[in-house]
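So the chains spell out like this:
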Amino acid sequence: MKKVGFLTSGGDCQALNATMRGVAKALYNELGMEVELYGFEEGYKGLIYNEYRHLTPRDFSGILTKGGTILGSSRESFKTMRVPDENGLDKVAAMKQNYRRLELDCLVILGGNGTQKTANLLREEGLNIIHLPKTIDNDIWGTDMTFGFQSAVDIATNCIDCIHTTAASHGRVFIVEVMGHKVGWLTLHAGIAGGADIVLIPEIPYDIDKVCDAIAKRNRAKKGFTILAVAEGAISKQDAKLSKKEYKKKLENYEYPSVSYELADEIQKRTGADVRVTVPGHMQRGGSPNPYDRVLSTRLGSKAAELIIAGKYGYMVGIVNGETCKVPLGDVAGKLKMVDPNAGIIKEAKRIGISFGD
């Protein structure tokens with residue numbers, strides 16, 4: 001009998017349910033009734049406070065196309081995992097105790113970077129862990145692709161597509177703010193796919209003069225409108241030179257809702273253009289997973305089940321060069337996969353005229 005727990009932690013995305021389904025269906029298919037599955041509710045919170053439910057095959061039926069997570073999720077900061085809660089509870093000790101109370105053989109943890117660091121902490125504490133890489137940011141080290149990313153690209157791209165018609169009709173400059181505080185994969189892919197004229201990502205600090213020059217160039221060419229795809233974490237060259245302390249102080253007194261509104265203000269002042277900002281926000285995490293993510297999630301889930309059956313723990317399941325693989329969790333936890341400013345995709349985008357404001 002294999003006893004396996006599931007939890008989904010951090011921000012949700014479109015293919016969490018599809019991935020859990022992949023694990024469960026493979027385990028049921030290979031082990032029949034010799035498997036018991038448990039779902040911890042609201043991420044690590046459920047594991048800490050022993051809030052769980054027994055899962056049956058019925059729970060995994062009809063969820064391939066369902067967004068969100070049937071288990072619920074929450075953000076439990078890795079930085080505070082060693083800090084007792086308000087009642088003095090040792091969170092790490094509680095998680096270990098609840099894992100062992102159920103006599104679990106393995107805990108399958110689905111989440112992004114912060115989730116992964118806590119998963120590795122539990123591995124170091126002696127628990128059998130399998131991590132599955134979830135994030136719309138595609139910023140997890142050791143895998144070419146994370147589930148949720150391509151679905152979010154579809155939504156952000158559709159937003160840019162829709163903006164094209166109204167931007168052209170009114171001759172406006174439109175800024176579409178795409179999710180991504182630390183990395184720019186989502187903005188980069190959606191920007192290229194949506195035909196954005198300017199793409200601003202955290203890894204390439206922008207020069208506002210270069211951004212305005214790109215807009216002026218389009219005006220001279222009688223293009224009539226300009227679309228910018230801007231990551232939440234886009235940063236100017238001037239701000240990039242500030243120390244962390246200085247930048248934090250600036251943000252404390254920040255007069256804009258986000259960098260996109262600061263950009264809009266600067267562009268309007270410098271060019272006189274009519275500028276609008278669109279923020280699709282959490283729409284990018286919602287809805288059904290697209291076909292790519294359904295396939296990816298099924299494959300990652302099936303590979304996780306293979307490792308569980310073989311008793312091989314302490315791994316993240318990733319995909320490299322089109323094949324699923326196991327990656328030692330300790331080798332990747334805490335590492336961010338950033339966009340290389342010199343990567344081929346950046347050079348190719350610049351070659352067709354996309355400006356990165358640098």
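Below is a short write-up of the structure.

Criteria and thresholds
Residues numbered from 1 in each chain as written. Predicted model: local features only at pLDDT ≥ 70, side-chain atom pairs only at ≥ 80, totals over all residues. Heavy atoms only, no water. 1 Å grid on protein atoms, 1.4 Å probe; cavity = no way out; pocket = protein on both sides within 12 Å on 5 of 7 lines; lining within 4 Å. Points joined across faces, edges and corners; volume = space filled by probe spheres on them. Helix = DSSP H or I, 4+ residues; strand = E, 2+ residues; numbered from the N terminus. Patch = residues over 30% accessible without salt bridge, like charges linked within 9 Å, V, L, I, M, F, W, Y side chains within 5 Å. Areas by Shrake-Rupley, 256 points an atom, 1.4 Å probe, with all protein chains shown as cover. Salt bridge = Lys/Arg side-chain N within 4 Å of Asp/Glu carboxyl O. Lys, Arg positive; Asp, Glu negative; His and termini not counted. Charge placed at Lys NZ, Arg CZ, Asp CG, Glu CD. Buried < 20%, exposed > 50% of the residue type's maximum accessible area, 1.4 Å probe, protein only. Contact = heavy atoms within 4.5 Å. Polar contact = N/O pair within 3.5 Å; in protein donor to acceptor, adjacent residues only side chain to side chain. Phe/Tyr/Trp six-rings, centres within 6.5 Å; stacked < 30°, edge-to-face > 60°. Lys NZ or Arg CZ within 6 Å of the ring centre and 35° of its normal. Pairing = 2+ DSSP bridges. Axes fitted to C-alpha atoms, helices over the stretch in contact; angles between N-to-C directions.

The subject of this paragraph is the layout of surface pockets. Unoccupied space between atoms shows up once a probe the size of one water molecule is rolled over them. Reported here for the largest pocket is a volume of approximately 930 Å³. If you add up the space inside the second largest pocket, you get close to 620 Å³. Considering the residues around the second largest pocket, the lining is formed by 25 residues, among which Ala234, Ile235, Ser236, Asp239 and Tyr247 are closest to the centre. Of all elements in the fold, only helix 8 (237-240), helix 9 (244-252) and helix 10 (259-271) reach the threshold of two or more residues within the lining of the second largest pocket. Counting residues per element, the lining of the second largest pocket draws most heavily on helix 10, at five residues.

We now examine a positive patch on the surface. On the surface, a cluster of positive charge is made up of Lys79, Lys117, Lys182, Lys244 and Lys248. Looking at the element boundaries, Lys244 is found in helix 9.

Its place among the elements puts Lys2 in strand 1 (residues 2-8). Under the relative-accessibility criterion, Lys2 is labelled buried at 19%. Counting along the chain gives 34 residues from Lys2 to Glu36, while the straight-line C-alpha distance between them is 6.2 Å. Setting aside its immediate chain neighbours within four residues, Lys2 contacts Leu31, Glu34, Val35, Glu36, Asp105, Ile308, Ile309, Gly311 and Tyr313. A polar contact is formed between the side chain of Lys2 and the backbone oxygen of Ile308, at a distance of 3.1 Å. Within the local environment of Lys2, its side chain forms a polar contact with the side chain of Tyr313, the two groups lying 3.2 Å apart.

What follows concerns helix 6 (residues 185-193). Every buried residue of helix 6 is listed here: Trp185, Leu186, Thr187, Leu188, Ala190 and Gly191. Buried residues belonging to helix 6 abut helix 5 (149-170), strand 6 (173-178), strand 7 (198-200), strand 8 (226-231) and helix 13 (344-351). A positive phi of about 75 degrees marks Gly195, the residue just after helix 6.

Here the focus is the packing of aromatic side chains. Using the criterion set out here, one finds five aromatic pairs in the structure. Aromatic pair Phe6 and Phe60: ring centres 6.0 Å apart, planes at 50 degrees, arrangement tilted. Of this pair, Phe6 sits in strand 1 while Phe60 sits in the loop between strand 3 (52-55) and helix 3 (91-101), placing them 54 residues apart in sequence. Like Phe6, the residue Phe60 is buried in the burial classification. Ring geometry for Tyr28 versus Phe60: centroids 6.4 Å apart, planes at 65 degrees, classification edge-to-face. Separated by 32 residues along the polypeptide, Tyr28 in helix 1 (residues 16-31) and Phe60 in the loop between strand 3 and helix 3 bring together distant segments of the chain. The burial state of Tyr28 is the same as that of Phe60; both residues are buried. The structure contains a cluster of three or more aromatic residues connected by ring pairs, namely Phe6, Tyr28 and Phe60. The ring of Phe225 is capped by Arg218, whose NZ or CZ atom sits 5.2 Å from the centre of that ring. Of note, Lys326 hangs over the ring of Tyr315, and the distance from its end group to the ring centre comes to 5.4 Å.

For Gln284, the position within the fold is in the loop between strand 9 (275-278) and helix 11 (291-310). Of the residues examined, Gln284 reaches a relative accessible area of 0% and is grouped as buried. At 2.8 Å, the side chain of Gln284 and the backbone oxygen of Gly281 are in polar contact. Those residues in contact with Gln284 that sit more than four places away from it in its chain are Gln14, Ile136, Ala152, Ile155, Ala156, Glu177, Val178, Met179 and Leu186.

Here we take up the sheet that holds strand 6. Taken together, the four strands give an open sheet; going across it, the order is 7-8-6-9, and neighbouring strands pair in parallel fashion. With one partner strand each, in any of the chains shown, strand 7 and strand 9 form the two edges of the open sheet. Across this sheet, the average inter-strand angle for adjacent strands is 20 degrees, counted without regard to direction. Here strand 7 runs beside strand 8; their pairing, made up of three bridges, is parallel. When the bridges of strand 8 are listed, Ile198 appears paired with Leu228. Contacting strand 6, strand 8 and strand 9, helix 5 crosses the sheet at an angle of about 170 degrees to strand 6.

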